[in-house]
Amino acid sequence: KVDKDVDQRLDPYLSTIAAREYFLDLVAIFGSRSFLLAMASYNAGEGRVQGCLKRLDDPFTQRTFWHIAPCLRLETREYIPRIIAAAIIAQSPERFGFTPYGTIGSDDYDILEIYQPTSVAQLARWADVSLTKLRSFNPDLMSSDTTTPKDMDAYRLVVPGGAGEEVLAALIDQAA
């Protein structure tokens, strides 16, 4: 959902789900044996990849990313090898000279569902964080918003770990 109150493309969780769904659609279009073609079309668009396939001498035996790579823009030609390299490095980062950073775990944040428009500033106070920090946890909120979105059944609010209970208790008190 994108409107004046919220841009869910900026929500890391929701945008990841949408990206996964789109990628699964591409795998359905190109077939599970053409996983790299689906990856290329995620970057370049399925129309461009289909156009490149049409230019092949034998699109049945040559139906691979490596055969259509010369037809693609440099960005996409480099995208697939970089993704492959990242996957290999992620398996054993130390082996390649990388020091793994700490990862964000579920203990680092709480997720609440807000069912009525609520002041973003008030939510920040209840969570005991700055307004800037609360917005950094919820990048889908527009910077001009003073409340959570009005026209949603529920808004998914992310707060720092441990703050969820405080915010939830304050919301219940406010509703009573």
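Summary of the structure given here.

We now examine the packing of aromatic side chains. Per the counting criterion, the structure on display carries 4 aromatic pairs. Ring centres of Tyr-22 and Tyr-42 lie 5.6 Å apart, and the angle between their planes is 40 degrees; on these two criteria the pair is classed as tilted. You can see Tyr-22 sitting in helix 1 (residues 12–30) and its partner Tyr-42 sitting in helix 2 (residues 35–44), a full 20 residues away along the chain. We classify Tyr-22 as partly exposed; its relative accessible area is 30%. Where Phe-65 meets Trp-66, the ring centres are 4.8 Å apart and the plane angle is 75 degrees; that geometry is what we call edge-to-face. Classification of Phe-65 as buried rests on a relative accessible area of 1%. One aromatic cluster in this structure is built from Tyr-22, Phe-23, Phe-35 and Tyr-42.

The next thing to look at is the pattern of salt bridges. When charged atoms on two side chains of opposite charge get close, those side chains can pair. Applying the stated criterion to the full structure yields 2 salt bridges. The partner of Arg-82 in a salt bridge is Glu-78, and the shortest N-O contact between them spans 3.2 Å. Here the residue Arg-82 and the residue Glu-78 both occupy positions in helix 5 (residues 74–91), the gap between them amounting to 4 residues, near one helical turn. Accessibility expressed as a relative area gives 57% for Arg-82, which makes it exposed.

Locating Leu-56 in the fold gives a position in the loop between helix 3 (46–54) and helix 4 (65–68). Placed 15 residues apart in sequence, Leu-56 and Cys-71 show a C-alpha to C-alpha distance of 9.6 Å. What Leu-56 contacts, discounting residues up to four positions off in sequence, is Gln-62, Arg-63, His-67 and Ile-68.

Where two cysteines share a covalent bond between their sulfur atoms, that bond is called a disulfide. Evaluated as defined, the whole model comprises 1 disulfide. Linked covalently through their sulfurs, Cys-52 and Cys-71 form a disulfide whose S-S length is 2.2 Å. Taking the torsion about the S-S bond as the criterion, the Cys-52 to Cys-71 disulfide, at about -80 degrees, is left-handed. Here Cys-52 is found in helix 3, whereas its partner Cys-71 is found in the loop between helix 4 and helix 5, with 19 residues between them in sequence. Classification of Cys-52 as buried rests on a relative accessible area of 3%.

The rules we used
- Residues numbered from 1 in each chain as written.
- Predicted model: local features only at pLDDT ≥ 70, side-chain atom pairs only at ≥ 80, totals over all residues.
- Heavy atoms only, no water.
- Phe/Tyr/Trp six-rings, centres within 6.5 Å; stacked < 30°, edge-to-face > 60°.
- Helix = DSSP H or I, 4+ residues; strand = E, 2+ residues; numbered from the N terminus.
- Buried < 20%, exposed > 50% of the residue type's maximum accessible area, 1.4 Å probe, protein only.
- Salt bridge = Lys/Arg side-chain N within 4 Å of Asp/Glu carboxyl O.
- Contact = heavy atoms within 4.5 Å.
- Disulfide = S-S within 2.5 Å.

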